[in-house]
Amino acid sequence: QLVESGGGLVQAGGSLRLTCAASGLPLASYNMGWFRQAPGKEREFVAAIRWSGGRTYYAESVKGRFTISRDDAKNTVLLQMNSLKPEDTAVYSCAATMSIQLVPTTSWNYWGQGTQVTVSS
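Here's a quick rundown of the structure. In this text, all values refer to a predicted model and were calculated from it rather than measured experimentally. (Residues numbered from 1 in each chain as written. Predicted model: local features only at pLDDT ≥ 70, side-chain atom pairs only at ≥ 80, totals over all residues. Heavy atoms only, no water.)

## Focus: the sheet that holds strand β7 (residues 66-71)
Here is the rule we go by: For two strands to pair, DSSP has to find at least two bridges joining them. Every helix listed is a DSSP run of H or I at least four residues long, and every strand listed is a run of E at least two residues long, numbered separately from the N terminus. Every axis in this analysis is a line fitted to C-alpha atoms, fitted for helices over the stretch in contact. Angles between the N-to-C directions lie between 0 and 180 degrees.
Judged by pairing direction, the sheet is antiparallel, and its 4 strands sit side by side in the order β1-β3-β8-β7 without closing on themselves. Unpaired on one side and paired on the other, β1 (2-5) and β7 mark the two borders of the sheet. Averaged over all pairs of adjacent strands, the angle between their axes in this sheet comes to 15°, without regard to strand direction.

## Considering the nonpolar core
For clarity, the threshold we go by: Here, nonpolar core means buried Ala, Val, Leu, Ile, Met, Phe, Trp, Tyr and Cys residues that are tied together by side-chain atoms lying within 4.5 Å of each other. Type-normalised accessible area, obtained with a 1.4 Å probe on protein chains alone, sets the label of each residue: buried when under 20%, exposed when over 50%, and partly exposed for intermediate values. Residues count as neighbours in contact if any of their non-hydrogen atoms are within 4.5 Å of one another.
In this structure, Leu-2, Met-32, Trp-34, Leu-79, Met-81 and Tyr-92 are the most contacted members of the largest nonpolar core, which totals 36 residues. Broken down by secondary-structure element, the contributors of at least two residues to this core are β3 (16-22), β4 (31-37), β5 (44-49), β7, β8 (76-81), β9 (90-97) and β11 (115-120). Met-32 has contacts with Leu-2, Cys-20, Leu-27, Ala-47, Ala-48, Ile-49, Ile-68, Arg-70, Val-77, Ala-95, Ala-96 and Trp-108, leaving out every residue within four places of it along the chain.

## Points about the packing of aromatic side chains
Short version of the rule: Two rings from Phe, Tyr or Trp (for Trp, the six-membered ring) form a pair when their centres sit within 6.5 Å of each other. Planes less than 30 degrees apart are called stacked, planes more than 60 degrees apart edge-to-face, and all others tilted.
Applying the stated rule across the entire model yields 4 aromatic pairs. Aromatic pair Phe-35 and Phe-45: ring centres 5.7 Å apart, planes at 80°, arrangement edge-to-face. Of the two residues, Phe-35 is situated in strand β4 and Phe-45 in strand β5; the sequence distance between them amounts to 10 residues. Judged by its relative accessible area of 1%, Phe-35 is buried. Considering the side-chain rings of Phe-35 and Trp-108, the 5.4 Å spacing of their centres and the 80° angle between planes classify their relative orientation as edge-to-face. Taken as a pair, Phe-35 in strand β4 and Trp-108 in the loop between β9 and β10 (110-111) lie far apart in primary sequence, 73 residues in all.

## Side note on the pattern of salt bridges
Any two side chains of opposite charge can pair if their charged atoms end up close together. Cut-off, in case you're wondering: Here, a salt bridge means any side-chain nitrogen of Lys or Arg that lies within 4 Å of a carboxyl oxygen of Asp or Glu.
This structure, assessed with the given rule, holds 5 salt bridges. For the salt bridge of Asp-88 with Arg-65, the shortest nitrogen-to-oxygen distance reads 2.8 Å. On the criterion of sequence distance, the pair formed by Asp-88 in the loop between β8 and β9 and Arg-65 in the loop between β6 (56-58) and β7 is long-range, its members being 23 residues apart. Classification of Arg-65 by relative accessible area gives buried; the value is 10%. A network of salt bridges, in which partner residues are shared, links Arg-36, Glu-44, Arg-65 and Asp-88.

## Digging into the environment of Ser-120
Locating Ser-120 in the fold gives a position in strand β11. Exposure remark for Ser-120: the relative accessible area of 26% places this residue in the partly exposed category. Taking C-alpha positions, Ser-120 is 9.7 Å from Gly-14, a pair spaced 106 residues apart along the chain. Ignoring any residue separated from it by four or fewer positions in sequence, one finds Ser-120 in contact with Leu-9, Val-10, Gln-11 and Ala-12.

## Here we look at the side chain of Glu-4
The condition is simple: The definition of a polar contact used here is a pair of N or O atoms within 3.5 Å, where within protein one atom must be able to donate a hydrogen and the other to accept one, and adjacent residues in sequence count solely through side-chain atom pairs.
Among the structural elements, Glu-4 can be located in strand β1. Within the structure, the side chain of Glu-4 is placed 2.9 Å from the backbone nitrogen of Cys-94, a separation counted as a polar contact. Only 2.9 Å separates the side chain of Glu-4 from the backbone nitrogen of Gly-114, close enough to count as a polar contact. Apart from the residues within four sequence positions on either side, Glu-4 is in contact with Thr-19, Cys-20, Trp-34, Tyr-92, Ser-93, Cys-94, Gly-112, Gln-113, Gly-114 and Thr-115.

And the structure:
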């Protein structure tokens, strides 16, 4: 089970930190990712971090503003979001996979329910 928290309403330029907590799933063995889905749009890749080596990947739209990290001891994954923009408004979900393919949503096996992030202008 993956459970996200930390979403909310923030003004443009503000920051939020999302947390993904796992139960019954050893995140240290999985590649972890964050995706988002805005109303009327398809779910899109935001960021990912590999279980081995910790290499990170980001969508171009969030590079330099978002940071993904993991704390395997706490079995959590974080998404620090800075300089938020209204176009970042979406439901953010974390996911886990053992696949080497990280961008396609079909590569991910486990999903959380999501947390709403709303950025006002």
